Protein chains: 2
Amino acid sequence: MTGEGAGSAAGLRAAGAIDGGRLWRRLEALGRFGATATGGVCRLALSEAEIAARRQLVGWARDGGLEASADAAGNLFLELPGEAPELAPVLTGSHIDSQPSGGRFDGAYGVLAGLEALIALKEAGIRPPRPLVVAAWMNEEAARFAPGMMGSKAFCGEWPLEQLRAVADAEGVTVGTALDAVRAAEAGLPERPLGFPLAAFVEAHIEQAPLLDRAGVPIGVVTGIQGTRRYRVTVTGVAGHAGTVPQAERQDAMMAAARMIAALDRLAPEVPGLMLTVGLLRLQPNAPSVIPREAYFSIDIRHLDDAGLATADARIRAIVEAGAAPCSVRLEQIAEAANLTFPEAMQRRIAAAAAALGLPARHLPSAAGHDARHLNGVCPTGMIFIPCRDGISHDEREWCRPEDVAAGARVLAHVLLDLACNPPPPPSRVG
Amino acid sequence: MTGEGAGSAAGLRAAGAIDGGRLWRRLEALGRFGATATGGVCRLALSEAEIAARRQLVGWARDGGLEASADAAGNLFLELPGEAPELAPVLTGSHIDSQPSGGRFDGAYGVLAGLEALIALKEAGIRPPRPLVVAAWMNEEAARFAPGMMGSKAFCGEWPLEQLRAVADAEGVTVGTALDAVRAAEAGLPERPLGFPLAAFVEAHIEQAPLLDRAGVPIGVVTGIQGTRRYRVTVTGVAGHAGTVPQAERQDAMMAAARMIAALDRLAPEVPGLMLTVGLLRLQPNAPSVIPREAYFSIDIRHLDDAGLATADARIRAIVEAGAAPCSVRLEQIAEAANLTFPEAMQRRIAAAAAALGLPARHLPSAAGHDARHLNGVCPTGMIFIPCRDGISHDEREWCRPEDVAAGARVLAHVLLDLACNPPPPPSRVG
């Protein structure tokens, strides 16, 4: 055992061993898997691009002396063994799947910062008392398979594996089929059981909102995660020829959907603090001279107050109901996550690590959802944010400054060693 | 020369030689190219399914003693030679491309009824004084490549071949590339020049509206074609994370499009007789947790009165302009076709043929667009309608009764022979 507590000599040595240049180059290199022509990334969950990126991660991990493994839900693990392998590990990580036109930092940063932290510890000759593990969680983004955060939900026991495997993408390919292809491509990787005891989890991530960037503060101590609900709406009408079916006799699924979405657009400002997005819409058959027989769209709401979510929920259900006639409509709520607060003790450790390294930090909530939400249900969990330019994310223009990228990894290395030396008490929960 | 005038012995013999069972079986057989699991057809223009269907048509034509050829715009021709091959032929036909979930009769009926008419004449030993030709026009539907009726527009000199070849589908494949693949697949087919003199054109088609079906009348004498305008609207906003960009700072392309489309929904009943359809909408990037940066949609309007079209046009432009902010918008009009009346003389010949065959007929306009619109600019043109059940078309439930299918082909055979014997004077046009 070589280090203890915030500001310990070993912790400072671990942070000092972070190679910011190497981390930056790896962010750039990983961004070439699924790179788009216009500077972003399209690396959908379990796609060929993601499988190739996973192979690169395993290669870097092995080069750095770490051990790679995976579980049945497609979560990838890169482990720095501890002095006592039987002790529950401290976990870090995030995800490497992306939005269809996403950026190079969302998710990838947390995985590569974790990898850099473990390799830095190893290079500095620091052997942690318990194992340190980087996770790359399967399908955080929900861009190909919905809902998202599938890997962390399965790991934490919230979703049975068989339910997850049955989910299909827009082309009808199931998660199960895609997972089997990943498994075949990674035949040499040992399999880890789905869900194992953890001492703690810390996720590093870009903020995806503009607070840190505007304030010029490099480190965010995340207080919790904004609540969210997600819905799927399926409007069913009757197809027909655009030139021959009299307007009054139509059951036009596009027009019914437009009435609903325009009403949702008016609703948003009426509930202060509400974020409301219709990000996906598909028509059937989607041809200029055919009256659409089906419109399928998503609704995503977020609010920092659960009461705000409940208000919006009731209004949304009324709007969808009111806009449907003469079509029929089905609204399914596919995800619900209440507002969440990370343990004070975890927030304190992250703040102390930043202070020990002389890095300004600010406490702030996460407006976006993260795998940390699910890990928080099974072990003490915290998150470290770094700024991203103008808060832009889920877009190819997403960008972070190299000095912030390195600073976040230094805080992470310090916190991970601290947690490995002094694991927090497990959460006491009711129910 | 074997027949002359409506009700001539040869005309009645030609009509009597129609084999309704064979025509029905060929409609069923052609429907297997691109058949969907739920009873319809997805046979997009120049797709593999359409190429295979064209091969089948050529096979049937050659078996029946007809000659097949094609032109550089992908129009396919099946010819019954006449006594005087130097005389301008009488043309019939329609198209065999379909909507993404279309029916088995739209377009295919006109091509197969024409094929049956020519084979019936040949089998009855009737040699027309001038050639009779069936055309299958390229890309009538505009489902894969927009706008539609490309083949007939190119044939009639309305669109230069190079402009047509440059149009791309949603995957970026151009008409030119697709045409070259068709040409390679049909290497044995003689090439015909693009546009040749015609004595007349008659198109048989299903009504696609419910008038004949409700009246129980088997034959429609088409008086003209309803006017139409088509637009493409591209709304450009800014992508962003659904959970982090404050509602007031968003430039959400979906919400702007929904405001416009909901306003178009309210516009439709305010212009009596207007048909208005938004049949196609695509979002970019189209993911549930990303604010859409682009929404692209079609607007199709039709009206039996050109003044109604002009009124709707002005209102549409105002609606699109008003709904855009804070996004930007571009509206392009991609097609405009005024209301059209077919020559009285052609209507009279069709009505006389129906009367000679003892088939009830009704004069009515076409609410849908057809290739006959463009042929009407180069030669005397008419159309024959048969009923379709409940007027349903552009849908897999499209259906016609076998007796109506046969009746329409009998009228067509009678009219084609009449026109071949007594060609109408060419249209005199101003300008």
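Each residue is numbered by its place in its chain's sequence as written, counting from 1. The naming scheme follows written order: chains are lettered A onward, ligands numbered 1 onward. Totals for whole chains, interfaces and linings use every residue, but because this is a predicted model, local features are given only for residues with pLDDT of at least 70 and side-chain atom pairs only at 80 or more, for both listing and counting. In computing side-chain properties, one takes all heavy atoms of the structure into account and sets aside hydrogens as well as water.

**Q** Help me understand the overall build of chain A, please; the structure alone is not making it clear to me.
**A** Where helices and strands are cited, they refer to DSSP runs of H or I of at least four residues and of E of at least two residues respectively, numbered from the N terminus. In terms of helices and strands, chain A carries 13 helices and 16 strands. In terms of overall dimensions, chain A has a C-alpha envelope of 80 × 45 × 45 Å along the principal axes. Categorising residues by exposure relies on relative accessible area from a 1.4 Å probe, with only protein chains included: less than 20% of the type maximum marks a residue as buried, more than 50% marks it as exposed, and the intermediate range marks it as partly exposed. Buried residues in chain A amount to 62% of all 431 residues. What makes two residues a contact is simply this: any of their non-hydrogen atoms within 4.5 Å. Taking the intrachain contacts of chain A between residues at least 6 apart in sequence as the baseline, contacts between residues at least 24 apart amount to 80%. Per element, the accessible surface of chain A, about 14,600 Å² overall, is 53% carbon and sulfur. Charged residues are defined narrowly, with Lys and Arg counted positive, Asp and Glu counted negative, and His plus the chain ends left uncounted. Charged side chains are reduced to one point each, which is NZ for Lys, CZ for Arg, CG for Asp and CD for Glu. For chain A, the centre of its 40 positive side-chain charges and the centre of its 48 negative side-chain charges are spaced 1 Å apart. With residues, only the protein chains shown are counted as cover, and all accessible areas are computed by Shrake-Rupley using a 1.4 Å probe.

**Q** Where do I start with the nonpolar core in this structure?
**A** Looking at soluble globular proteins, one finds that nonpolar side chains tend to be buried together. All names here are of chain B. Residues Leu57, Leu78, Tyr109, Val405 and Val411 are the most contacted members of the largest nonpolar core, which totals 68 residues. Broken down by element, this core gets its largest block of residues, 12 residues, from helix α13 (residues 402-421). With near-sequence residues (within four places) excluded, Leu57 lies in contact with Leu30, Leu76, Leu78, Ile96, Val111 and Leu112. In these notes, a set of buried Ala, Val, Leu, Ile, Met, Phe, Trp, Tyr and Cys residues joined through side-chain atoms within 4.5 Å is what counts as a nonpolar core.

**Q** Explanation requested: the pairing of strand β4 (residues 132-136) of chain A in the structure shown.
**A** Regular strands place their side chains on alternate faces of the sheet. Residue and element names in this part refer to chain A. Burial within β4 is extensive, with five of its five residues counted as buried. The two faces of β4 match: Leu132, Val134 and Ala136 on one face and Val133 and Ala135 on the other face are all buried. Strands qualify as paired when DSSP identifies two bridges or more between them. Where strand β2 (residues 76-80) and β4 come together, five bridges link them in antiparallel fashion. When the bridges of β4 are listed, Glu79 appears paired with Val133. Direction of pairing for strand β3 (residues 90-94) relative to β4: parallel, over a ladder of five bridges. Among the inter-strand pairings, Thr92 is bridged to a residue of β4, identified as Val134. Viewed with both strands pointing away, a crossover whose connecting path from the first strand over the helix to the second turns clockwise is right-handed. Once you follow β3 into helix α4 (residues 108-123) and on to β4, the crossover reads as right-handed.

**Q** Quick question: what am I supposed to make of the interface of chain A and chain B here?
**A** Counting from both sides, the interface comprises 59 residues of chain A and, opposite them, 59 residues of chain B. Simply put, the buried area is the total loss of 1.4 Å probe accessible area from both parts when two parts are fitted together. Contact with chain B buries area across many residues of chain A, yet His241, Met255 and Pro288 of chain A alone supply 13% of it, more than any other trio. Think of a salt bridge as a Lys or Arg side-chain nitrogen and an Asp or Glu carboxyl oxygen that are within 4 Å of each other. At the surface where chain A touches chain B, the tally comes to four salt bridges. Between Arg259 of chain B and Asp265 of chain A there is a salt bridge, and its shortest N-O distance comes to 2.8 Å. Here a polar contact means two N or O atoms within 3.5 Å. Within protein one must be a hydrogen donor candidate and the other an acceptor candidate, and residues neighboring in sequence count only if both atoms are side-chain atoms. There are 22 residue pairs in polar contact (both at pLDDT 80 or more) connecting chain A and chain B.

**Q** Just to check I follow, could you spell out unusual backbone geometry for this structure?
**A** The general pattern is negative phi for most residues beyond glycine and trans for most peptide bonds. Cis geometry is found at the peptide bond from Gln284 of chain A to Pro285 of chain A, where omega equals -5°. Its location among the elements puts Pro285 of chain A in the loop between β10 (281-284) and β11 (290-291). One non-glycine residue, His394 of chain A, adopts positive backbone phi at about 55°. Position of His394 of chain A relative to the elements: it lies in the loop between β16 (381-386) and α13 (402-421). One non-glycine residue, Asp390 of chain B, lies in positive phi territory at about 60°. Here Asp390 of chain B shows up in the loop between β16 (381-386) and α13. What makes Asp390 of chain B exposed here is its relative accessible area of 52%.

**Q** In this structure, what is going on with the relation of the copies chain A and chain B? I would like to understand it.
**A** Between chain A and chain B, which share one sequence, the superposing operator has a rotation angle of 180° and an axial displacement of 0.0 Å; the RMSD is 0.1 Å. Both copies are brought into coincidence by an operation consistent with a two-fold rotation axis. Scanning chain A for the C-alpha nearest the rotation axis identifies Ala258 of chain A, at a separation of 2.5 Å. When the interface residues of chain A are mapped onto chain B, 100% of them again fall at the interface, so both copies present the same face. When the copies are superposed, the least-squares fit takes in the C-alpha atoms of residues with a pLDDT of at least 70 in both.

**Q** Can you walk me through helix α1 (residues 9-16) of chain A in this structure?
**A** Side chains three or four residues apart in an α-helix point the same way, a direct result of the helix having 3.6 residues per turn. All names here are of chain A. The set of residues buried in α1 consists of Ala10, Gly11, Ala14 and Ala15. Along the long axis of α1, the arc covered by the buried residues comes to 135°, so they all point the same way. Facing away from the buried side of α1 by over 90 degrees, the exposed positions are Ala9 and Gly16. Our arc is simply the arc of the directions from the helix axis toward the C-beta atoms.

**Q** Help me understand the domain arrangement of chain A, please; the structure alone is not making it clear to me.
**A** Note: interface size is frequently given as the accessible area lost on complex formation between the parts. All names here are of chain A. Where each domain begins and ends follows an automated or database-derived domain assignment. When the domains of chain A are assigned, the result is domain 1 (9-226 + 339-421) and domain 2 (227-337). Distance between the C-alpha centres of domain 1 and domain 2: 34 Å. Listed per partner, the contact involves 12 residues of domain 1 and 14 residues of domain 2. Contact between domain 1 and domain 2 buries roughly 940 Å² in total, counting both sides, with carbon and sulfur atoms accounting for 50%. In terms of surface lost to domain 2, no three residues of domain 1 exceed Pro147, Gln226 and Asn339, which account for 56% of the buried area on that side. There are zero salt bridges connecting domain 1 and domain 2. If you look at where domain 1 meets domain 2, you find three residue pairs in polar contact (both at pLDDT 80 or more).

**Q** It is not clear to me how the UniProt feature "domain: Peptidase M20 dimerisation" (unreviewed entry) in chain A should be interpreted in this structure. Could you clarify?
**A** Taken from the UniProt record, the annotation "domain: Peptidase M20 dimerisation" (unreviewed entry) applies to residues 224-323 of chain A. The straight-line gap between the two end C-alpha atoms of residues 224-323 of chain A is 36 Å; of that span, 33% is helix and 33% is strand. UniProt positions are given in the numbering used here, feature names are shortened, and annotations may be inferred rather than shown by experiment.

**Q** Just to check I follow, could you spell out the UniProt feature "binding site: Zn(2+) 1" (unreviewed entry) in chain A for this structure?
**A** All names here are of chain A. Here the UniProt feature "binding site: Zn(2+) 1" (unreviewed entry) sits at His95, Asp106 and His205. Over a stretch of 111 residues, the named residues converge on one spot in the fold, their C-alpha atoms separated by at most 9.8 Å. Topologically, Asp106 is positioned in the loop between β3 and α4. Every residue in contact with Asp106, bar those within four places of it in the chain, is listed here: His95, Asp97, Glu141, His205, Ile206, Gln208, Ser393, His394 and Glu398. By relative accessible area, which is 1% here, His205 ends up buried.

**Q** Can you walk me through the side chain of Ser94 of chain A in this structure?
**A** Among the structural elements, Ser94 of chain A can be located in strand β3. Contacts of Ser94 of chain A, omitting those with residues within four sequence positions, involve Gly107, Gly110, Val111, Ala135, Ala136, Trp137, Glu203, Ala204, His205 and Asp371 of chain A.

**Q** What's the story with the state of the cysteines in this structure? I'm lost.
**A** Among covalent bonds in proteins, the disulfide is the one between the sulfur atoms of two cysteines. Working definition: a disulfide is two cysteine sulfur atoms within 2.5 Å of each other. If you walk through the whole model with that rule in mind, you get zero disulfides over all chains. For Cys421 of chain A, which is in no disulfide, the shortest distance to another cysteine sulfur is to Cys379 of chain A and amounts to 17 Å.

**Q** What's the story with the pattern of salt bridges in this structure? I'm lost.
**A** A pair can form between side chains of opposite charge whenever their charged atoms are brought close. Summed over the entire model, instances satisfying the criterion amount to 40 salt bridges over all chains. Across the salt bridge formed by Arg183 of chain B and Glu191 of chain B, the nearest N and O atoms sit 3.4 Å from each other. When salt bridges with common partners are traced through the structure, they connect Arg229, Asp313, Arg317 and Glu336 of chain A into a single cluster.

**Q** Whenever I open this one, the side chain of His370 of chain B confuses me. Can you help?
**A** Mapped onto the secondary structure, His370 of chain B falls in the loop between β15 (361-366) and α12 (372-375). Beyond its immediate sequence surroundings of up to four residues, His370 of chain B is in contact with Glu140, Met149, Glu203, His205, Gln208, Ile225, Met383 and Phe385 of chain B.

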